Amino acid sequence: DTGSSGSPQFHIKARAARVGVNFEWPDIAKNLALTGKLEFDFEGNFTRTNNRNISSIRSSTPSIRLAYMRLEHILNSQTSVFVLFGQDWTPFASSTLPNLVESTGLGIGFGSLYERDPQVRFGVHHKVGGSRHVAIQPEFAIVLPASGITPTDLANQLGYGERLGPDSARPGIQGRLVFQFQLDKARGVAPAQLIVSGMQGSRRINITRGNLLTAAQTALGVAAGTNFVDTAFPRGAEVNSDTWGVTGEIQLPTRYVTLIGKYYSGADLRWFFEGQLYSVFNNTAAQGLTNTFTVAGLDGNSAVFGLNASGAPDYARQRPVRARGGFLNLGFPLSRIFNANPEGRNAGWTMYLHYGIDQAVSRDIRKAGGANGRQRGNLAAANLQYKMNKFVTFAYEQSWYQTKAIGTGAAFEGTNQHEMHDIRSEFATIFTF
């Protein structure tokens, strides 16, 4: 519930400040180059310490964004291969990002779909040639498996973040294929790209025998609970689920307008900030479970156990919440369109129009979030930017966020409704060095 008036707020913030350094060693060996990047920002948490309790709202902490090294070997004039080690944007989904002024969250739950992840990535870049300078680049990566579900207790979260992905004992697998060509041959226009990407991963909750025994004895009685565990789960249990996703992405720059967009479909997309931020649900109906009870895993995340339709001990299979969505973003170089003097004061005007949507499957939401769970998020935005010089850009953005629930029992502004909205007005001064 947002409260009686929708909880309007006013902010002035500096936490979007971003600092980094690039490394380059172009002649480490014949036809071999070493490059790297280290980058962090201040989008971290608000520190709770004795000397910062009062002023924590303006004291966000720095956090890592990117930290990787890349080796690239030139095979011939048309082909090169590379390997990247470290944390970088994921090959799945992160190639295309919207031009939005609001960078905190960058449209999470509203169709953006992206992530930065520790990884080892391999790729080949091949120049096909021709008048359009065609090139292709297939890539494959093994990445840190993660699901974005934090432990239920603060001590574990501070100690290791989450362990559901690593406990699957296998890496996440991602891939990307980029097809690049020069759509508009005008000077200064970037090449166009058509991109497809995909990923598959797994997560696991480890249930110890002790936790399961205690919960079963409490729910079923000491004798029945002991028999429940000894019969089916004498060593505890492992509850698994999968995550997957595919995207199609376009980047089409021309001298008059640039169109970028993305479509995605997948399941358990919480780690990539979409699927309405749902992860999985316990599918108790599929096994016809009765006498159900919940058991906490090693990190506090839980699973549901009970008796199946045959009366045998069983657990509810965890199923990922399915979702789809995407965005379209149009960029207009106003100064070029209106023939502004490239050396004059009006040379730096641009405008962006954006629409994004993220929608989860309704029947999955009813099982994961109840009868009134979030089902869809829509974002419409427009911003106007003026680049005064290469160091300073002024921008204004007007945006409209809408979240819809599948029922009318969700409380917004003190009453039961099926949707809420948020209108944001943001002015930014962007310094780039």
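Before any of the text, the structure's been laid out above.
So, a few notes on the structure that sits alongside this text. (Residues numbered from 1 in each chain as written. Predicted model: local features only at pLDDT ≥ 70, side-chain atom pairs only at ≥ 80, totals over all residues. Heavy atoms only, no water.)

Thoughts on the nonpolar core
Here comes step 1: Ile207, Leu212, Phe228, Phe233, Phe293, Val295 and Phe305 are the most contacted members of the largest nonpolar core, which totals 18 residues.
Here comes step 2: Going through the elements one at a time, strand E8 (192–207), helix H2 (209–220), helix H3 (222–232), strand E9 (237–253), strand E12 (290–296) and strand E13 (302–307) are the ones with two or more residues in this core.
Here comes step 3: Ranked by the residues each element gives to this core, the list is headed by H2, at four residues.
Here comes step 4: Those residues within four positions of Val295 in sequence are excluded, and the remaining contacts are Ile207, Asn211, Leu212, Ala215, Asn301, Ser302, Ala303 and Phe305.
Here comes step 5: Counting 15 residues, the second-largest nonpolar core is a separate cluster that includes Leu113, Ala146, Leu269 and Phe281. (Core = buried A, V, L, I, M, F, W, Y, C linked by side-chain atoms within 4.5 Å. Buried < 20%, exposed > 50% of the residue type's maximum accessible area, 1.4 Å probe, protein only. Helix = DSSP H or I, 4+ residues; strand = E, 2+ residues; numbered from the N terminus. Contact = heavy atoms within 4.5 Å.)

Some remarks on the pairing of strand E16 (residues 322–332)
Here comes step 1: Here 10 bridges tie strand E10 (residues 258–267) to E16, and the two strands are oriented antiparallel to one another. Opposite Gly261, over in E16, you have Leu328 as the bridge partner.
Here comes step 2: Pairing between E16 and strand E17 (residues 349–360): 10 bridges, direction antiparallel. Directly across from Phe327, in E17, lies its bridge partner Gly356. (Pairing = 2+ DSSP bridges.)

Re H3
Here comes step 1: For H3, the set of buried residues is Gly225, Phe228 and Val229. Seen along its axis, H3 keeps its buried residues to an arc of 85°; they face one direction. Opposite the buried face of H3, by more than 90 degrees, sit the exposed residues Ala223 and Thr231.
Here comes step 2: Contacts from the buried residues of H3 go to H2, E12, E13 and strand E14 (313–315). (Arc of directions from axis to C-beta.)

Quick word on the pattern of salt bridges
Here comes step 1: All told, the structure shown has 17 salt bridges when counted by the stated rule.
Here comes step 2: Between Asp88 and Arg121 there is a salt bridge; the shortest N-O distance is 3.3 Å. Here Asp88, found in strand E4 (residues 79–89), pairs with Arg121, found in strand E5 (residues 116–129); they are 33 residues apart in sequence, far enough to count as distant.
Here comes step 3: In this structure Asp88 comes out as buried when scored by relative accessible area, which is 8%.
Here comes step 4: Among the ionic pairs, Asp184 bridges to Arg255, the shortest N-O distance being 2.8 Å. Of this pair, Asp184 sits in the loop between strand E7 (172–181) and E8 while Arg255 sits in the loop between E9 and E10, placing them 71 residues apart in sequence.
Here comes step 5: Exposure remark for Asp184: the relative accessible area of 8% places this residue in the buried category. (Salt bridge = Lys/Arg side-chain N within 4 Å of Asp/Glu carboxyl O.)

The quantities given are spatial measurements derived from coordinates; they are silent on function.
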